[in-house]
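Architecture and fold: a report
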Amino acid sequence: MANNKYAAFRSIGAYVPSKVLTNADLEKMVDTSDEWITKRTGIKERHIAAKDESTSDMAAKAGKMALDRANLNPEDIDLIVCGTVTPDYFNMPSTACLIADKLNIKAQAFDISSACSGFVYALSVAKAFIESGMKKNVLIIGAEKFSSIVDWSDRNTCVLFGDGAGAAIISATDDKNEAIIDVKADADGSYWDFLITPAPGSVNPVSQEVIEQGLQYVKMKGNETFKLAVKTLTKDVKEILEENNIKTEQIDHFVPHQANYRIINAVGNSLGMSESQVVLTVHKYGNTSAASIPMAINDIYESGKLKKGELMLFDTFGGGLTWASALVPFAGE
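**Concerning the sheet that holds strand β4 (residues 79-83)**
Spatial ordering of the open sheet is given by β1-β7-β6-β4-β5, a layout of five strands whose pairing is mixed. Each of the sheet's edge strands pairs with one partner strand only, and the pair in question is β1 (6-15) and β5 (108-112). Put simply, the sheet's adjacent strands are angled 20° from each other on average, direction ignored. Looking at chain direction, strand β6 (residues 137-145) and strand β7 (residues 163-173) are connected through nine bridges and run antiparallel. When the bridges of β7 are listed, Glu-144 appears paired with Gly-164.

**Looking at the pattern of salt bridges**
Applying the stated rule across the entire model yields 16 salt bridges. The salt bridge partner of Asp-299 is Lys-284, with a shortest N-O separation of 2.6 Å. Residue Asp-299 is found in helix α10 (residues 292-302), and its partner Lys-284 is found in helix α9 (residues 282-285); the two are separated by 15 residues along the sequence. With relative accessibility at 18%, the residue Asp-299 sits in the buried group.

**So, the packing of helix α3 (residues 55-69) against helix α4 (residues 95-102)**
Following both chains from N to C, one finds α3 and α4 inclined at 55°, their axes separated by 9 Å at the closest point. Compared by their axis directions, α3 and α4 come out oblique. Considering the relative orientation of α3 and α4, their crossing is right-handed. From α3, Thr-55, Ser-56, Asp-57, Ala-59 and Ala-60 reach across to α4, where they touch Thr-95, Leu-98, Ile-99 and Lys-102. Counted by class, the contact of α3 with α4 contains four nonpolar, three polar and two charged residues.

Definitions and limits used
- Residues numbered from 1 in each chain as written.
- Predicted model: local features only at pLDDT ≥ 70, side-chain atom pairs only at ≥ 80, totals over all residues.
- Heavy atoms only, no water.
- Pairing = 2+ DSSP bridges.
- Helix = DSSP H or I, 4+ residues; strand = E, 2+ residues; numbered from the N terminus.
- Axes fitted to C-alpha atoms, helices over the stretch in contact; angles between N-to-C directions.
- Salt bridge = Lys/Arg side-chain N within 4 Å of Asp/Glu carboxyl O.
- Buried < 20%, exposed > 50% of the residue type's maximum accessible area, 1.4 Å probe, protein only.
- Parallel < 35°, antiparallel > 145°, perpendicular 65-115°, else oblique.
- Left-handed = near helix turned anticlockwise from the far one by under 90°.
- Contact = heavy atoms within 4.5 Å.
- Nonpolar A, V, L, I, M, F, W, Y, C, P; charged D, E, K, R; others polar.

Below, the structure written as structure tokens:
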């Protein structure tokens, strides 16, 4: 018997650590300035998790908020998918399993490692599971403790990243008007070295030499990544809009990955998006990788800007290289 269920974006939640690291603070740590950081990235501050606060801790708090807002209990969830490149443990267990334990959820749980694209990749998985009839309520999470893999003496990277988590409930629905319209996810592994954390892993197992060389910290080819991101994000969004016969002016909220204001501005201008359509949080959170899109959605939800039935457009780009876009009506209250 055919399954006629659709996948709906039912609720949103987020968690932001209390500690704020400003550009003025960074001026005291590395050779940089508020003017330089702001001009190049648009970032003014970022939040940093406490020493004893893990990725799963932040994710569980965001997940609990999403659960409550969807009026669901832990036993209603039958799948957890967590997008992260800063897991609690690099080998096992998965961060998703730790989140399940903290939320008292007994369900299938696994992580996705697609860097900044993690949340939208997780959305594509949830949509597929629900539309196949295999799952009814999926908790998807993007969570990162990027401060744990940043070299705080490297001024080119340490100014960019922050910590946080965002979560959403994707649920089965019979109402086609609530349905997630489309999710496009792709990758090109030939650019694998543009964004990389060289260790630990099977290529560079933990050793004194690895630690001395700083291979446990994120490395980035900034200029090359910037150019490719603008080109790829613009192309990807134009394709998903054309394929679904949706005009730019029909988008209520364009929610791009919050990595760099110049990238967001370039893509928004290329698409003809108005300032009121573009969701911008990079100035206060920095780049929180897989957490950035759900954190941005939560911001407009809590400010009262996101209403039931409004159409969101997600667009993201990350290490791998990976990229993804999605057309998502908000089905929450």
